[in-house]
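Each chain is listed here by its residues.
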Amino acid sequence: MQLPALDTAIVVAYLLGMLGVGLWVSRRIGGFKDFFVAGGRMTTPILVCTLVSTYYGLDVTFGTSETAYKEGVAAFFAYSAPFYVAYLAMALLVAPRLRRIPALSLPEAMGHFYGRGARLGGAFGSFVYSAPILGVSGMGWIGETFFGLAFHEGAMLGAGIALVYTVLGGLLADAVTDTVQFTVMCVTVAIAAIYALGDNAGPSGLEASGRLPPETFEPFGGLSLAEICVYGSVALTPLVEPAFYQRTFAAKGSRAIIKALVIGVGLWIAYDWLVVYLGITAQDLVARGELDAEGMESGAIMLRAMQELLPTGLLGLFLAGCLASAMSTLDSYALIAAGNLVYDGWEGVTGRKLEDRTLLWTTRLLTVLTTAGCVWVALQFESMRDAWIFMATVLLSTAFVPMLAALFFLRARRPLAGTLSAWTGLVASLSSTIAFFAWGTEVDGEVSMEVLGRTWIREQAVLVAVPLSIGAFAAGYTLDRLRENRS
């Protein structure tokens, strides 16, 4: 579809505005701490905007709508709802404890409790999770659907613009642009939902129409118990979410981050429900014959649905909102991923700190290289949901057990336990994913593999890797105690 001139102008104006913010904020960057955690001066209002927009990028806007398109309201009740419990736990239980740690990142917090080995493992796990694959994918689909670009061309162009203001202004530029992006993102999704309501009289009207299968409106739809367990497991990621940890260390005080997370829960619930509703609306448009889904990537279904629903002007605003959603995630996670390698990886390997100026410029360079690599990785996953579950699996398997054990069980802070747990989880999650790519069989978009007489799907890797991480922690704890008793 050729985008009308008015819609194109709206999108271009938005992109130019983001570049202007980066240039303005870059004048305030004096060192690495200013660049990576905004000098530790972030207040509640800006924390709310940057947390909500960063954590809810196109993985939610497209990924959740994709799940709703396939599974119905189960996307809300089985996939999204468990996250709200984890958000509150992060706000009320984890964040106050984190504020007592002299750290700037998740891997550094792991190193604080367990030493350099655990910090290095955490740096690699956090890097894989934070690589902005989903934001890059979303911008590739936008470029392909509306601007006639190849997927990789749209991904590279959008990523390049986001990189400019992030490389110039770091977390402060990221947070300021997130405030704008948060507003655009929420307003445009709400407008799209209003048009969808007028088109089909709401969820009750969709259900009463009889065009969609009955399981579309059942809380757990046609999901199997294994799928529900996978969704419940990945919902634990907020407890070790690198962006949440970075914002916690960047906050002006404990109360600021707690209030920001609690407020964010209400906004995330509203946003989730609207996106799920739009995904079901797309399913209805296909059932009515008004939307041709033949040969279309399911992750881009929401974009095509909005083409049918929104008039000129509002479609451009919606696309600006999608770009805002993508960029708010891409810039934040590209910054975190680069910082993990430079700040945590270097010190984890060498035990030495880099000079502040070297740290700043190396992080900027790695931010560019990381994002460039994500264009290639984005091409390896056909579904945003699959990519997200892979990334969450790596993070949970690496950081969840050692980090939560250290925060809540003082006696568990034994170096061998944390190091073995982090590396076992990292290796198990990555090797299982590689095995599925190498030997898995794809049927209807789902990759599966026979192991020991049982069929496993790729998304179930988390159900294996996390228990292995727990076992490794227990083994390391036991060996450490035995060694201590012998001495």
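Preceding this paragraph is the structure being described.
The model shown is predicted, which means the values in this text are computed figures rather than measured ones.

K.L.:
Give a detailed account of a nonpolar patch on the surface, specifying residues and quantitative values.
P.N.:
The grouping of Leu88, Leu92, Leu93 and Val262 at the surface amounts to a nonpolar patch, some 330 Å² of accessible area in total. Sorting elements by how many residues they give to the nonpolar patch places helix H6 (residues 74-98) first, with three residues.

K.L.:
So what about helix H12 (residues 225-234)? Which residues, and what values?
P.N.:
All buried positions along H12 are accounted for by Glu227, Val230, Tyr231, Ser233 and Val234. Projected down its long axis, H12 carries its buried residues within an arc of 160°, all on one side.

K.L.:
Quick rundown of the pattern of salt bridges? Include the residues and the values.
P.N.:
All chains considered together, the criterion is met by four salt bridges. Here Arg211 makes a salt bridge to Asp284, at a shortest N to O gap of 2.7 Å. Placement of the pair is Arg211 in the loop between helix H11 (202-209) and H12 and Asp284 in helix H14 (residues 254-287), with a sequence separation of 73 residues. Take Arg211: its relative accessible area is 38%, and that puts it in the partly exposed class. Measuring nitrogen to oxygen at the nearest pair gives 2.8 Å for the salt bridge that ties Arg288 to Asp284. With a relative accessible area of 25%, Arg288 lands in the partly exposed category. Among the charged side chains, a network of salt bridges with common partners joins Arg211, Asp284 and Arg288.

K.L.:
Summarise the nonpolar core; cite the residues concerned and give the values.
P.N.:
Leu98, Val240, Tyr245, Leu303, Met306, Trp388 and Met403 are the most contacted members of the largest nonpolar core, which totals 127 residues. At 17 residues, the largest contribution of residues to this core is made by helix H18 (residues 384-408).

Criteria and cut-off values
- Residues numbered from 1 in each chain as written.
- Predicted model: local features only at pLDDT ≥ 70, side-chain atom pairs only at ≥ 80, totals over all residues.
- Heavy atoms only, no water.
- Patch = residues over 30% accessible without salt bridge, like charges linked within 9 Å, V, L, I, M, F, W, Y side chains within 5 Å.
- Areas by Shrake-Rupley, 256 points an atom, 1.4 Å probe, with all protein chains shown as cover.
- Salt bridge = Lys/Arg side-chain N within 4 Å of Asp/Glu carboxyl O.
- Helix = DSSP H or I, 4+ residues; strand = E, 2+ residues; numbered from the N terminus.
- Buried < 20%, exposed > 50% of the residue type's maximum accessible area, 1.4 Å probe, protein only.
- Arc of directions from axis to C-beta.
- Core = buried A, V, L, I, M, F, W, Y, C linked by side-chain atoms within 4.5 Å.

Geometry only, nothing functional implied.
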